[in-house]
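Geometric and topological summary
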Amino acid sequence: MRAVYATDLSSAIDTAIDSRVCLECLGRYGIEEIDLITVTSPNVTAGMPGSDIGGRTKKGLERQKAQLESEGFTVNIHVVRGTPHRRINGLAEQVHADLIIAGSRGQSPLKQRFIGSTVKNLARTAVSPLLVQRIVERDGSPEVANKHLFRRMLYATDFSENAERAFEQFNRTRTATHEATLLHVAPPERRAGGEEVEDAEERLESMAGSLREKGIETTTMIREGEAVEEILDVEDEIDPTTILLGGRGRSRLRRLLLGSTSEDVTARADSNVLLVPPAR
């Protein structure tokens, strides 16, 4: 399996790539080959007087490549110009990537915000499952918030077709996932007769059974209310390492627009987020 790993060559991304635990989790997911990509602004000229952007970029990529190779991955490096999320998606399509990885923090050597707007745009347009790796500041230094990427999974479902596609990710994380919580949030207006909730309980239990057969300790939860707030409340309660979500597409043309729930959770969660886009 192959992953496209987006890097802005910041110390934040260095921290993620230097984490042996994180890399072991990617290996257990099935990743063997990584395409390391950095995207520079089309307005920046590498040959500007007094500038060594090209040299610093090459040095940074080679350093990160060496770290990934030391953990057994085959690594290809790509330096491209353009709009980051478009070039990242373009490479993912070109190499038929099984996963796109992006950090949630960091500033590039060009002092431009790479992580933030890029992750937001990737969450809307990703052509492959997107793993948003949460990187935080602790004592003035960047640190990966949850190194065991898939150990405790919070899966939120509305039972849509794409939510079912997201559930299939457990087939890839099964050797890395120890615990899973399956969550359905029912809007208040759907609880009047109780029929919808009863059906949801049965469907959640069926999915839970399939995970227990894989040796994953699994619980189910049904909440009532606004989906984003309930998902984030459950995140606070159970402290997952990753939230697994499906996104809804509204266009078959140039963009895949995800439902606001997926986008808002990706932006606001403290955990890593594994976001599965609609089938193309």
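Located above this text is the structure these notes cover.
Computed from a predicted structure; not experimentally measured. (Residues numbered from 1 in each chain as written. Predicted model: local features only at pLDDT ≥ 70, side-chain atom pairs only at ≥ 80, totals over all residues. Heavy atoms only, no water.)

1. Some points on the pattern of salt bridges
Rule in force here: Only one rule defines a salt bridge in this text: a Lys or Arg side-chain nitrogen within 4 Å of an Asp or Glu carboxyl oxygen. The secondary structure listing takes helices from DSSP runs of H or I that are at least 4 residues long and strands from runs of E that are at least 2 residues long, numbered from the N terminus.
Counted by the stated rule, this structure contains 14 salt bridges. For glutamate 237, the salt bridge is made with arginine 223, and the minimal N-O distance between the two is 2.7 Å. Linking glutamate 237 in helix H9 (residues 227–238) with arginine 223 in strand E10 (residues 217–224), this pair joins segments that are 14 residues apart in sequence.

2. Some thoughts on the pairing of strand E1 (residues 2–6)
As a reminder of what qualifies: Classification of residues uses two cut-offs on accessible area relative to the type maximum, computed with a 1.4 Å probe and protein chains only: under 20% is buried, over 50% is exposed, and between them is partly exposed. Pairing between strands is defined by DSSP: at least two bridges between the two strands are required.
In terms of burial, E1 is largely enclosed, as four of its five residues are buried. Judged from the five bridges that link them, E1 and strand E2 (residues 33–40) form a sheet pairing that is parallel. Across the sheet, tyrosine 5 pairs through a bridge with leucine 36, a residue of E2. Pairing analysis gives three bridges linking E1 to strand E4 (residues 99–103), with the strands arranged parallel. Across the sheet, tyrosine 5 pairs through a bridge with isoleucine 101, a residue of E4.

3. Let's talk about the pairing of strand E11 (residues 242–246)
Remember that side chains alternate between the two faces of the sheet whenever the strand is regular. In terms of burial, E11 is largely enclosed, as five of its five residues are buried. Side-chain alternation along E11 places Thr242, Leu244 and Gly246 on one buried face and Ile243 and Leu245 on a second face that is also buried. Note: strand E8 (residues 152–156) against E11, three bridges, orientation parallel. The residue of E11 that forms the bridge with leucine 154 is isoleucine 243. As defined by bridge partners, E11 adjoins strand E12 (residues 272–276) across five bridges and the pair is classed as parallel.

4. Details of the sheet that holds strand E5 (residues 130–133)
How we decide: Orientation is described by lines fitted to C-alpha atoms, with helices fitted over the stretch in contact, and by angles between N-to-C directions that extend from 0 to 180 degrees. Two residues qualify as a contact provided that any one of their heavy atoms is within 4.5 Å of a heavy atom in the partner residue.
Reading across from one edge, E3-E2-E1-E4-E5-E12-E11-E8-E9-E10 is the order of the 10 strands in this open sheet, with mixed pairing throughout. Each edge of the open sheet carries a strand with a single partner, namely strand E3 (74–81) and E10. Across this sheet, the average inter-strand angle for adjacent strands is 20 degrees, counted without regard to direction. Here eight bridges tie strand E9 (residues 179–186) to E10, and the two strands are oriented parallel to one another. When the bridges of E10 are listed, alanine 180 appears paired with threonine 218. Of the strands in this sheet, E1, E4 and E5 are in contact with helix H2 (residues 20–29), which crosses E4 at around 165 degrees. With respect to the sheet, helix H4 (residues 84–95) is in contact with E1, E2, E3 and E4, its orientation differing from that of E2 by roughly 155 degrees.

5. So, the state of the cysteines
Just so we agree on the cut-off: In this description, the term disulfide denotes a pair of cysteine sulfurs within 2.5 Å.
Scanning the model with the defined rule gives zero disulfides in all. Between cysteine 25, a cysteine without a disulfide, and cysteine 22, which holds the nearest cysteine sulfur, the sulfur-to-sulfur distance is 6.4 Å. Cysteine 25 sits in the buried class, given a relative accessible area of 7%.

6. Describing the nonpolar core
Considering soluble globular proteins, one finds that nonpolar side chains tend to be buried as a cluster. The cut-off we apply is this: Buried Ala, Val, Leu, Ile, Met, Phe, Trp, Tyr and Cys residues form a nonpolar core when they are joined through side-chain atoms within 4.5 Å.
In terms of nonpolar packing, the biggest core is built from 45 residues, with Tyr5, Leu26, Leu99, Phe150, Tyr155, Phe170 and Leu182 touching the most fellow members. Val185, Val234, Val265 and Val273 belong to the second largest nonpolar core, which has 34 residues in total.

7. Some thoughts on the environment of arginine 56
Along the chain, the position of arginine 56 falls in helix H3 (residues 53–70). As for arginine 56 and leucine 9, which are separated by 47 residues in sequence, their C-alpha atoms are 9.1 Å apart.

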